[in-house]
Amino acid sequence: MESNRQKKIAGILQQDLAEILQRAAAEGGLKGVIISVSKVNVTVDLSIAKVYLSVFPNNKGKELLEGIRSNTPLIRHEMAQRTRHQLRRMPNLEFFIDDSLEYIDGIERSLKGGDNPLENPDLLGKRKKS
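Scope of this entry: the structure provided in the associated data block. Note that the coordinates shown come from a computational prediction; the quantities given were computed from them, not determined experimentally.

1. A short note on the nonpolar core
Item 1. By size, the foremost hydrophobic cluster in this structure holds 26 residues, and its most contacted members are Leu 13, Leu 53 and Phe 95.
Item 2. Broken down by secondary-structure element, the contributors of at least two residues to this core are helix H1 (4-27), strand E1 (34-42), strand E2 (48-56), helix H2 (61-70), helix H3 (72-82) and strand E3 (92-97).
Item 3. Tallying contributions element by element places H1 first for this core, with eight residues.
Item 4. Those residues in contact with Leu 53 that sit more than four places away from it in its chain are Leu 21, Ile 35, Ser 36, Val 37, Ser 38, Leu 65, Ile 68, Phe 95, Phe 96, Ile 97 and Asp 98.

Right, here's the structure in full:
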């Protein structure tokens, strides 16, 4: 269970990261790509922040994640500048793609009769554990 301090820091990071990533996408020429920060989890010692990103359209997610991961030091520096009056130390940032919306969509399709995992057992292995 997260402490109040962890929740507060996660909220601050989520808001600022969303602004930074959306601005970087607009300046980088990525038109029609929407990046949102769906969740931020901060460890108990406040040293690592796991950032879950939701990207639309879904097919751009992997290449965008690679670009974000390669620019993590720059993003972390800008975040440290923004939060210097709120945080003593900036946590290390780890970025992941949030695939929960795709998973929910797959369940809805299955319930409507589109994909039947009982007839096709290969559908069960599609969701990767993170």
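And the narrative resumes.
2. Considering the pattern of salt bridges
Item 1. One pass over the full model with this rule turns up four salt bridges.
Item 2. A salt bridge links Arg 23 to Glu 27; the shortest N-O distance between them is 3.8 Å. With Arg 23 and Glu 27 both in helix H1, this residue pair falls four residues apart, about one helical turn.
Item 3. A residue is classified by how much of its surface remains accessible, and Arg 23, at 34% relative accessible area, is partly exposed.
Item 4. Between Arg 23 and Glu 78 there is a salt bridge, and its shortest N-O distance comes to 2.3 Å. Of this pair, Arg 23 sits in helix H1 while Glu 78 sits in helix H3; the two residues are 55 residues apart in sequence, bridging distant segments of the chain.
Item 5. Judged by its relative accessible area of 27%, Glu 78 is partly exposed.
Item 6. One network of salt bridges, with partners in common, ties together Asp 16, Glu 19 and Arg 82.

Definitions and limits used
Residues numbered from 1 in each chain as written. Predicted model: local features only at pLDDT ≥ 70, side-chain atom pairs only at ≥ 80, totals over all residues. Heavy atoms only, no water. Core = buried A, V, L, I, M, F, W, Y, C linked by side-chain atoms within 4.5 Å. Buried < 20%, exposed > 50% of the residue type's maximum accessible area, 1.4 Å probe, protein only. Helix = DSSP H or I, 4+ residues; strand = E, 2+ residues; numbered from the N terminus. Contact = heavy atoms within 4.5 Å. Salt bridge = Lys/Arg side-chain N within 4 Å of Asp/Glu carboxyl O.

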